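Okay, here's what each chain looks like letter by letter:
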Amino acid sequence: MYRLIYKSKSLVDLDQETVKDILQHSQKRNQKDAISGALLATRSHFLQVLEGEFEAVNHAFIRIVTDPRHETIQLIHFGPIDKLLFEGWVMKGFGLFDLNLELEQRLKDKYGEEKGGIKFPIEEWSSLSLMHDIKVM
Ligand SMILES: Cc1cc2nc3c(=O)[nH]c(=O)nc-3n(C[C@H](O)[C@H](O)[C@H](O)COP(=O)(O)O)c2cc1C
């Protein structure tokens, strides 16, 4: 099994509806391809983790990279894993738009800020730490 993590910049101002649209298609497709993972979104950026077989994850990433809805795609990590962290999630979405202020401030203090939202990291350990914080919140 392999895990891939990337960060990208959205070409439109993101809201729950836009993220929902992306997720609906992704979930159907990922189910077929046995890919699990999570997609985080602020108003300006995406952070996504994909887990599955090498070929499936690789092909999904190639499709995602050429999607005109985002740009400045930064590959953070792609490598073999012993254990799936997102097993059972066909692609769980988290739009970080309407968090309570205290929680948002805590995440900004820990990870920094970009474009008024929580800054998505570009290091593997930090991305997984943010995913973990959001998973348990
Ligand atoms: C931020 C973002 C995340 C995406 N995540 C996935 C994904 O996890 N799986 C997937 O199949 N497509 C994903 N997509 C959609 C792909 O970029 C592409 O539109 C889609 O796979 C094309 O599918 P089709 O060949 O069935 O039309 C994502 C798109 C964006 C903008």
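Source: prediction; values computed, not measured.

1. Points about the overall build of the protein chain
- A tally of regular secondary structure across the protein chain gives four helices and seven strands.
- Written out in order from the N terminus, the α and β elements of the protein chain read β-α-β-β-α-β-β-α-β-β-α.
- Taken over C-alpha atoms, the radius of gyration comes to 14 Å for the protein chain, in line with the 14 Å a tight globule of 137 residues would show.
- Looking at the protein chain as a whole, 47% of its 137 residues qualify as buried.

2. Quick word on helix 2 (residues 54-65)
- End to end, helix 2 covers 16 Å across twelve residues, agreeing with the expected 16 Å (1.5 Å per residue, within 8%).
- Those residues of helix 2 lying buried are A56, V57, A60, F61 and I64. The arc that holds the buried residues of helix 2, viewed along the axis, is 130°, so those residues lie on one side.

3. Notes on the sheet that holds strand 5 (residues 92-95)
- Read from one edge of the open sheet, five strands run 4-1-3-2-5, paired in mixed fashion. Looking at which strands have only one partner, the edges of the open sheet turn out to be strand 4 (70-80) and strand 5. For this sheet, the mean angle separating the axes of adjacent strands, direction not counted, is 10°.
- Here helix 4 (residues 124-136) sits on the sheet and contacts strand 1 (2-10), strand 2 (36-41), strand 3 (45-52), strand 4 and strand 5; the angle it forms with strand 3, its principal contact strand, is near 95°.

4. Quick word on the nonpolar core
- In this structure, L40, L47, L107 and L130 are the most contacted members of the largest nonpolar core, which totals 20 residues.
- Within the residue set of this core, elements represented by two or more residues are strand 2, strand 3, helix 3 (101-111) and helix 4.
- Leave out the neighbours within four places in its chain, and L40 touches H45, F46, L47, F94, F120, L130, M131 and I134.
- With 18 residues, the next largest nonpolar core counts L4, L23, L50 and A56 among its residues.

5. Observations concerning the layout of surface pockets
- Taken as a whole, the largest pocket encloses approximately 360 Å³ of empty space.
- The wall of the largest pocket is formed by 17 residues, among which I22, S26, I64, D67 and R69 lie closest to the centre.
- Going through the elements one at a time, helix 1 (16-33), strand 3 and helix 2 are the ones with two or more residues in the lining of the largest pocket.
- Of the residues forming the lining of the largest pocket, the biggest block, six residues, is contributed by helix 1.
- Of the residues contributing to the lining of the largest pocket, the split by class is seven nonpolar, five polar and five charged.

About the criteria used
- Residues numbered from 1 in each chain as written.
- Predicted model: local features only at pLDDT ≥ 70, side-chain atom pairs only at ≥ 80, totals over all residues.
- Heavy atoms only, no water.
- Helix = DSSP H or I, 4+ residues; strand = E, 2+ residues; numbered from the N terminus.
- Rg over C-alpha atoms; globule rule 2.2 N^0.38 Å.
- Buried < 20%, exposed > 50% of the residue type's maximum accessible area, 1.4 Å probe, protein only.
- Expected span 1.5 Å × (residues − 1).
- Arc of directions from axis to C-beta.
- Pairing = 2+ DSSP bridges.
- Axes fitted to C-alpha atoms, helices over the stretch in contact; angles between N-to-C directions.
- Contact = heavy atoms within 4.5 Å.
- Core = buried A, V, L, I, M, F, W, Y, C linked by side-chain atoms within 4.5 Å.
- 1 Å grid on protein atoms, 1.4 Å probe; cavity = no way out; pocket = protein on both sides within 12 Å on 5 of 7 lines; lining within 4 Å.
- Points joined across faces, edges and corners; volume = space filled by probe spheres on them.
- Nonpolar A, V, L, I, M, F, W, Y, C, P; charged D, E, K, R; others polar.

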